[in-house]
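Notes for the structure review
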Amino acid sequence: MKTANPVEILSRLAAAKVEFIVVGMAAGVLRGAPVTTIDVDIVHLRQPDNVSRLLSVLGQLDAVYRHDPRRLRPNESHLTGPGHHLLTTIYGDLDCLGTIGDGESYDDLCARSPDLELRPGLIIRVLDLPTLIALKEKAARPKDLAVLPVLRATLAETLKRA
Amino acid sequence: MADDLAERVPVPCKPDIDDNGVDRAQIRQMLDLTPAERLLLVAEFVGSLRPVRRADEDRQPG
């Protein structure tokens, strides 16, 4: 892996017009939460054309399943399903998720994922903080509960600025 | 850290700890950055710790 560069991963996806939503703690960071994470989670649109664009970018990024010593690469049938694909790339770890929470897909999450300008002219969708908080509350694992105070405080500070 | 980002990262300011122990000042500093700067800051922070971790592993016996 080169130096981890999550912005480069997201920029390449956006430049290739892949339809995706940033979720998980990378969404929290993009929305201003001072937390650490070492991967980028996305929920992608599982429509064939979009999966094809996603696979093209994953190829450029040399993405392989990160817990598989055979260095397997994701394919179309993998990414059109609802499962989770935990990949590693030349710019760091990337999780491509068919669904999250209670089976929520790209289409289900779109309305709660406003646009965000990553770089000038490069727009991506990022899950909003209320939805991220709701998902963490529902998951309720210790790791989810641990970040809730920071996410809630970030939402409060964000609302003060609105 | 990239020079431009290093210039944008605010200098440490007085903590503003809320009832849950969360430093609101740190959050406000993050909100002052652009979204890409926030993500790069975290990536660079985590990356900067890796050599320390590797060196520590090398020091472990066995």
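Above this text sits the structure in question.
Residues numbered from 1 in each chain as written. Chains lettered and ligands numbered in written order. Predicted model: local features only at pLDDT ≥ 70, side-chain atom pairs only at ≥ 80, totals over all residues.

1. Things to note about the overall build of chain B
Counting secondary structure elements, chain B contains three helices and zero strands. When the helices and strands of chain B are listed from N to C terminus, the series reads α-α-α. Burial statistics for chain B: of 62 residues in total, 19% are counted as buried. (Helix = DSSP H or I, 4+ residues; strand = E, 2+ residues; numbered from the N terminus. Buried ≥ 20, exposed ≤ 12 C-beta atoms within 10 Å, placed from the backbone.)

2. Digging into the nonpolar core
The biggest cluster of nonpolar side chains holds 53 residues, and the ones touching the most others in it are Ile21, Val22, Val23, Ile42 and Val43 of chain A together with Leu39 of chain B. Broken down by element, this core gets its largest block of residues, six residues, from helix H3 (residues 35-59) of chain B. Every residue in contact with Val22 of chain A, bar those within four places of it in the chain, is listed here: Leu10, Ala27, Leu30, Val40, Ile42, Ile124, Val126 and Leu127 of chain A. (Core = buried A, V, L, I, M, F, W, Y, C linked by C-beta atoms within 7 Å. Contact = placed C-beta atoms within 7 Å.)

3. Quick look at the interface of chain A and chain B
Contacts between the two partners involve 24 residues from chain A, matched on the other side by 20 residues from chain B. Looking at the side of chain A that touches chain B residue by residue, the class counts come to 14 nonpolar, seven polar and three charged. (Nonpolar A, V, L, I, M, F, W, Y, C, P; charged D, E, K, R; others polar.)

4. Focus: helix H7 (residues 142-161) of chain A
Under the 1.5 Å per step criterion, the end-to-end length of H7 of chain A is 30 Å for 20 residues, consistent within 8% with the ideal 28 Å. All of the buried residues in H7 of chain A are Val150, Leu151, Ala153, Thr154, Leu155 and Glu157 of chain A. (Expected span 1.5 Å × (residues − 1).)

5. Focus on the pairing of strand S7 (residues 122-126) of chain A
All names here are of chain A. Relative to S7, strand S1 (residues 20-23) runs parallel, the two sharing two bridges. By the bridge assignment, Ile21 is partnered in S7 with Arg125. With four bridges joining them, strand S6 (residues 115-119) and S7 adopt antiparallel strand pairing. Across the sheet, the residue bridging to Arg119 is Leu122, located in S7. Taking the residues that link successive antiparallel strands as the turn, the S6-S7 hairpin has two residues, and the phi of Gly121 there is positive, at about 80 degrees. (Pairing = 2+ DSSP bridges.)

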